[in-house]
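# Coordinates in review
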Amino acid sequence: MAEITVTEHLLLYQKKSPHATGMFTGLLYDLILSAKIISRRIAKAGLLDILGGTGEINVQGENVQKLDDIANNILTWRMERCGALCAMSSEENAELIRIRPDFPRGDYILIFDPLDGSSNIDVNINVGTIFSILRRPHGNSGDATLEEVLQPGANQVAAGYVLYGPSTMLVFSTGQGVHGFTLDPGVGEFLLSHPNMRIPSQGSIYSVNEGNRKNWSKATREVVDWFHTCRSRDGKIYSSRYVGALVADFHRTLVNGGIYMYPADSAKPQGKLRLMCEAAPLAFLAEQAAGCASDGRGRILERVPEQLHARTPLFIGSADDVAAVERIYGKYEKS
Ligand code: AFP
């Protein structure tokens, strides 16, 4: 197979789209460079004094890991200088990150989770970076306001993730399908390895933290019990897989099909996952790959965030599996 770098791929798509500008391609280029730098730091984490926590608690009430901080700083430093942004939001920062007045700015808004699944770092399990790119309403200038940032996921112009796994992979969509690239460390480039990724319409894997069962509603128990007993089209009993790092669990779901679930429960009535920096970007990818993403009632991409760090239940993956979840919740809503 001819080796196409992610930069070549971006330029090709830029030519195909009359709306694409060099500014947008430049934004993605800087994002990808940041991911390569993060990947290099993670690969050496066990050798450097960068494992463990910083002793701080972030806006989400979670322990900040040293690598959370490192990844956040790498992304913030580079992206605020890229000239394409009018605001950023990170999972690690309570407020919007403003672009310094002496830096050039553009029309895009970048939302990211710098290191998702970071509680897995110390045990050398996959982690990832998730990103979402929105555009501010036409004609506005200056710093983006919070109202401009709180857009539904359906407005995303691009979204993706970097999975720091056995190999580092970049998976993203600009609304023209989902494409996956693998980092060749020798060349230092992401090379196209998974063109046009599609989620099978039904899978045979369900993924959920069953330790939370005691806190689930009757409806949620029925949802998970459904996957305990149903069979895939080729007669397979569903298997259970749960990494506890959303990017890794989603990537498996994207490649193999099936469903990832993080329902609301009595301890987390809004769910655990963040709408803007976790659920919406992965929902954009899922739909671009012929899958679905729901909060149990309807499309994640239609949800308008009421605040920067709004949370949501999430059911994402194969279209038939997500439809089964909505059917069961729907039954309880009617009764
Ligand atoms: P951390 O980044 O704090 O590890 O949170 C990871 C995460 O948001 C997501 O990546 C996982 O899917 C989910 O939490 C796991 O949560 P549980 O540990 O409650 O199952």
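Above this text sits the structure in question.
Residues numbered from 1 in each chain as written. Predicted model: local features only at pLDDT ≥ 70, side-chain atom pairs only at ≥ 80, totals over all residues. Heavy atoms only, no water.

## Some points on the sheet that holds strand β16 (residues 314–317)
Rule in force here: The pairing criterion for strands is at least two bridges between them, as found by DSSP. Secondary structure is summarised from DSSP: a helix means a run of H or I of at least four residues, a strand means a run of E of at least two, and numbering begins at the N terminus for each. What makes two residues a contact is simply this: any of their non-hydrogen atoms within 4.5 Å. Only the contacting stretch of a helix is used when fitting its axis, a line to C-alpha atoms as for every element, and angles between N-to-C directions run 0 to 180 degrees.
With respect to topology, five strands assemble into an open sheet ordered β11-β10-β12-β16-β14, the strand pairing being mixed. The strands lining the two open edges of the sheet, one partner per strand, are β11 (239–240) and β14 (292–294). Where strand β12 (residues 259–262) meets β16, four bridges bridge the pair, whose relative direction is antiparallel. Each bridged residue has a counterpart across the sheet, and for Tyr262 the counterpart in β16 is Leu314. Helix α7 (residues 275–288) contacts β14 and β16 of the sheet and is inclined by roughly 30° relative to β16.

## Concerning the site of the ligand
Put simply, the rule is: For this description, a residue counts as near a given molecule or strand if any of its non-hydrogen atoms is within 4 Å of it. In protein, a polar contact requires one atom able to donate a hydrogen and another able to accept it; more generally it is a pair of N or O atoms within 3.5 Å, and residues adjacent in sequence count only if both atoms are side-chain atoms. Under the convention used here, a 1.4 Å probe and the Shrake-Rupley method define accessible areas, while residue burial counts only the protein chains that appear.
Taken together, 16 residues form the shell around the ligand, and within it Asp116, Ser119, Asn209, Tyr242 and Tyr262 come nearest. Contact between the ligand and Asp116: an oxygen atom at 2.6 Å from a side-chain N or O atom of the residue. In the environment of the ligand, an oxygen atom lies 3.1 Å from a nitrogen or oxygen atom belonging to the backbone of Ser118. In isolation the ligand offers 490 Å² of accessible surface; the protein chains occlude 85% of this area.

## Things to note about the pairing of strand β8 (residues 179–184)
Of the pairings in the sheet, the one linking strand β7 (residues 168–173) to β8 comprises four bridges and is antiparallel in character. Across the sheet, residue Val171 finds its bridge partner in β8, namely Gly180. The turn joining β8 and strand β9 (residues 189–194), which pair antiparallel and follow one another in sequence, is formed by four residues; a positive phi near 75° is taken by Gly188.

## Considering unusual backbone geometry
Where we set the bar: Residue exposure (1.4 Å probe, protein chains only): buried if accessible area is under 20% of the type maximum, exposed if over 50%, otherwise partly exposed.
With a phi angle near 55°, Asn124 is a residue other than glycine that sits in the positive phi range. Given a relative accessible area of 73%, Asn124 falls into the exposed group. Although it is not a glycine, Asn196 sits at a positive phi angle of roughly 45°. Of note, Asn196 is situated in the loop between β9 and β10 (205–207). A relative accessible area of 49% places Asn196 in the partly exposed class.

## Section: the sheet that holds strand β5 (residues 127–135)
Read across the open sheet, the seven strands follow the order β3-β4-β5-β6-β7-β8-β9; overall the sheet is mixed. Since the sheet does not close on itself, it has two edges, and those belong to β3 (85–90) and β9, each with one partner. Strand-to-strand, the axes of this sheet are offset by a mean angle of 20°, without reference to chain direction. Here β5 runs beside strand β6 (residues 158–164); their pairing, made up of seven bridges, is antiparallel. Note on β6: the bridge partner recorded for Val127 is Tyr164. Packing of helix α3 (residues 66–79) onto the sheet brings it into contact with β3, β4 (108–116) and β5, and relative to β4 it is tilted by some 160°.

## A word on the packing of helix α1 (residues 6–16) against helix α2 (residues 22–43)
Short version of the rule: If an angle is under 35 degrees, it is roughly parallel; if it is over 145, roughly antiparallel; if it lies from 65 to 115, roughly perpendicular; otherwise it is oblique. Take the far helix as the reference: if the near one is turned anticlockwise from it by less than a right angle, the crossing is left-handed, and if turned clockwise, right-handed.
The contact between α1 and α2 brings their axes to 10 Å, and the two run at 160°. By the angle between their axes, α1 is roughly antiparallel relative to α2. Where α1 crosses over α2, the handedness of that crossing is right-handed. In this structure, α1 contributes Val6, Thr7, Leu10, Leu11 and Gln14 to the contact, and α2 contributes Gly22, Thr25, Leu28, Tyr29 and Ile32.

## Some thoughts on the pairing of β4
A large share of β4 lies buried, amounting to nine of its nine residues. Relative to β4, β3 is paired through five bridges, and the arrangement is parallel. Bridge pairing in β4 links Ser90 to Phe112. Here β4 pairs with β5 via seven bridges, running antiparallel.

## Section: the state of the cysteines
Going by this rule: Two cysteine sulfur atoms form a disulfide, by the criterion used here, when they sit within 2.5 Å.
The final tally for this structure, using the stated rule, is zero disulfides. Cysteine Cys86 remains unbridged, with the sulfur of Cys82 as its closest cysteine sulfur at 10 Å. Summary of cysteine pairing: Cys230 is not part of a disulfide, and the nearest cysteine sulfur, belonging to Cys292, is at 16 Å.

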